[in-house]
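Report on the structure
These are the residues of each chain, in order.
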Amino acid sequence: MRLAPSVKNAMMESFNIYQDVATQSIDKQFEALIITPLSKIKTPSHPILIILDALDECNSLPDDVFNFVNLIDKHSRSLPSNLKVLLTSNHNSSLLRTLESKGWPILNIDSDHNTQRDLARFIHHGCQEIREHFGLRNEWPSSEDVMQLVEMSRGGFQWAQTAMIYVSLGPPVQLLQHMLQHSNVWSGLDNLYHQILSRAFESVREDATRRALLTRVLGYLATAPYPISHEVIVDLDSSVSNIVVDAAQLEDMHRALKDGIPGIASLLLIPASSAEPIQLRHPSIRSFLVRKHLGLQQSFWVSLPVFHQQLAERCLVTLQTRLQRNTCDVIDPSNTRFEIQDIAKKRISETLRYACRAWPIHLMESVQLPNYDKDGAACIQLATFASFSTEKLLAWLEVMGILGAMSEARLMVQVITSSALEKANANQSQQSGIESESFLE
């Protein structure tokens, strides 16, 4: 992203003034990050474009999306005349009705003839790269094959992108031929994801270890609120299994995921190092994994409450066993968190960082499980939380302060004590919640 100096300076000044903006309401954030900095630009000489992509994928914050759109409309006359806002969403989104009611211009690119032409160019370019990499003949694929792929994409560039990556994993000629011959089950994004995942799980059907690895990684990636690496996944699992995985075993597991499961790399960005985060290539993959599909194989379906419960348990056990007071051995209490970052990098592992930030989210979401109160595992989890609240709360707050996440910690404490855990075990959580909120005051 490139910013004109005047815009960049105004934005940075606003960030410095409103340092707690992440915890504020959407209207306060809009004022702090858009209205205030842009109002300081006297004579803007550059066009300013704000792009908000895939608003239909903000399923967890639908009200904020609509509020944001209404704020743009409300303040549009006070914004610089050279500012434009581009919003993108799928054509089924209820957001479109809001936009239509405001008279904003709407373009449906699915019905635009240029989209088909652009898709053909995109697929042709992707095939050219595959052809050069594998040394295939110049005639592959035929123009008819390319146009059939365009039809199979149903106007979706994400389908075309995923299909090209999948074919590039090889053997490309056989994979493309199979897709074209069975176009009815490969057409459209959901069908494409289903075929890739089905073939991946079929390839590990006789290998219980790799099958469990694939299931766990997909579940954790769909559930984790923050980036998570294979190393952290294995470390969290070891907290409850008491199985120690050494560096060589971890690398073997990572290699098995990266190179040993056909096609999965078209859906996952798997780095060379197990210490780097694994990522889903696109948010729509997560949406597919967590949504039940009638009439389709469900072996890859991710039950979010179940995985949240697993991760909540692993995070709490990790904190219970590894957190300690004065984690960074700070001698001078006047030192700021910026002055001890080098020490913090060594003393606070990536697993501990993830557990500190993510456990409240996993714990809150896990209580959505049916019969949570009657679940034996839930009782153990709540007991672990009670123990953590009594013994490790101050150490957790200390680490969150070092990580620069105290506002986040305060918000999490307030939310937990006021809702989910009060319902699940009011007597057990109420006292620890009161103590933590008093400390934060």
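Keep in mind that this is a model prediction, so the values were computed, not measured. (Residues numbered from 1 in each chain as written. Predicted model: local features only at pLDDT ≥ 70, side-chain atom pairs only at ≥ 80, totals over all residues. Heavy atoms only, no water.)

Applying the stated criterion across every chain, the model contains eleven salt bridges. For Glu139, the salt bridge identified is with Arg137, shortest N-O distance 4.0 Å. With a closest N to O distance of 2.7 Å, Asp237 and Arg314 form a salt bridge. With a gap of 77 residues between them, Asp237 in helix 12 (residues 230-241) and Arg314 in helix 15 (residues 304-322) connect regions that are remote in the sequence. For the pair formed by Asp237 and Arg314, the shared burial category is buried. (Salt bridge = Lys/Arg side-chain N within 4 Å of Asp/Glu carboxyl O. Helix = DSSP H or I, 4+ residues; strand = E, 2+ residues; numbered from the N terminus. Buried < 20%, exposed > 50% of the residue type's maximum accessible area, 1.4 Å probe, protein only.)

Take the nonpolar core next. Core analysis: the largest hydrophobic core is formed by 84 residues, its most contacted members being Met179, Leu268, Leu319, Leu323, Tyr354, Trp359 and Trp396. Apart from the residues within four sequence positions on either side, Leu268 is in contact with Val217, Leu218, Leu221, Ile278, Gln279, Leu280 and Arg281. By size, the runner-up hydrophobic cluster in this structure holds 23 residues, among which are Ile41, Val65, Phe68 and Leu83. (Core = buried A, V, L, I, M, F, W, Y, C linked by side-chain atoms within 4.5 Å. Contact = heavy atoms within 4.5 Å.)

Scanning all chains against the criterion turns up eight aromatic pairs. Ring geometry for Phe122 against Phe157: centres 6.0 Å apart, planes inclined by 80 degrees, an arrangement best described as edge-to-face. Here Phe122 is found in helix 5 (residues 113-134), whereas its partner Phe157 is found in helix 7 (residues 157-168), with 35 residues between them in sequence. Judged by relative accessible area, which is 35%, Phe157 ranks as partly exposed. Centre to centre, the rings of Tyr166 and Trp186 are 5.4 Å apart; their planes meet at 35 degrees, and the pair counts as tilted. Of this pair, Tyr166 sits in helix 7 while Trp186 sits in helix 9 (residues 183-186), and the two are 20 residues apart along the sequence. Put simply, the rings of Tyr193, Phe201, Phe288 and Phe300 touch in pairs and so form one group of aromatic residues. Note that Arg357 overlies the ring of Tyr226, its terminal NZ or CZ placed 4.1 Å from the centroid. (Phe/Tyr/Trp six-rings, centres within 6.5 Å; stacked < 30°, edge-to-face > 60°. Lys NZ or Arg CZ within 6 Å of the ring centre and 35° of its normal.)

This part covers helix 6 (residues 143-153). Among all positions in helix 6, only Val146, Leu149, Val150, Met152 and Ser153 are buried. The buried residues of helix 6 occupy an angular sector of 165 degrees when the element is viewed end-on, so they sit on one face. Exposed side of helix 6, more than 90 degrees from the buried face: Glu144 and Glu151 are the residues found there. (Arc of directions from axis to C-beta.)

Residue Pro141 is bonded to the preceding Trp140 through a cis peptide linkage, with omega at -15 degrees. When you line up the elements, Pro141 lands in the loop between helix 5 and helix 6. Backbone torsion omega between Gly170 and Pro171 reads -5 degrees, so that peptide bond is classified as cis. Here Pro171 lies in the loop between helix 7 and helix 8 (172-181). Backbone geometry at Arg154 places phi at a positive 55 degrees, although glycine is not the residue there. Position of Arg154 relative to the elements: it lies in the loop between helix 6 and helix 7.

Turning to the packing of helix 12 against helix 15, a few remarks are in order. Two packed helices can be described by the angle between their axes and the distance between those axes. Their axes nearest at 9 Å, the elements helix 12 and helix 15 cross at an angle of 80 degrees. On the basis of the axis angle, helix 12 is roughly perpendicular to helix 15. Two secondary-structure elements touch here, helix 12 through Asp235, Leu236, Asp237, Ser238, Ser239 and Val240 and helix 15 through Leu311, Glu313, Arg314, Cys315, Val317, Thr318 and Arg322. Among the residues forming the contact of helix 12 with helix 15, the class breakdown is five nonpolar, three polar and five charged. (Axes fitted to C-alpha atoms, helices over the stretch in contact; angles between N-to-C directions. Parallel < 35°, antiparallel > 145°, perpendicular 65-115°, else oblique. Nonpolar A, V, L, I, M, F, W, Y, C, P; charged D, E, K, R; others polar.)

Here the focus is the packing of helix 10 (residues 189-203) against helix 11 (residues 208-223). Two elements in contact, helix 10 and helix 11, have axes separated by 9 Å at closest approach and are oriented at 145 degrees. Note on element contacts: helix 11 touches helix 10 through Arg210, Arg211, Leu214, Thr215 and Leu218, opposite Leu197, Ala200, Phe201 and Ser203. Its residues assigned to classes, the contact of helix 10 with helix 11 shows five nonpolar, two polar and two charged.

As for its position among the elements, His230 is in helix 12. Apart from residues lying up to four places away in sequence, His230 is in contact with Leu213, Leu250, Met253, His254, Leu257, Ser274, Glu276 and Ile278.

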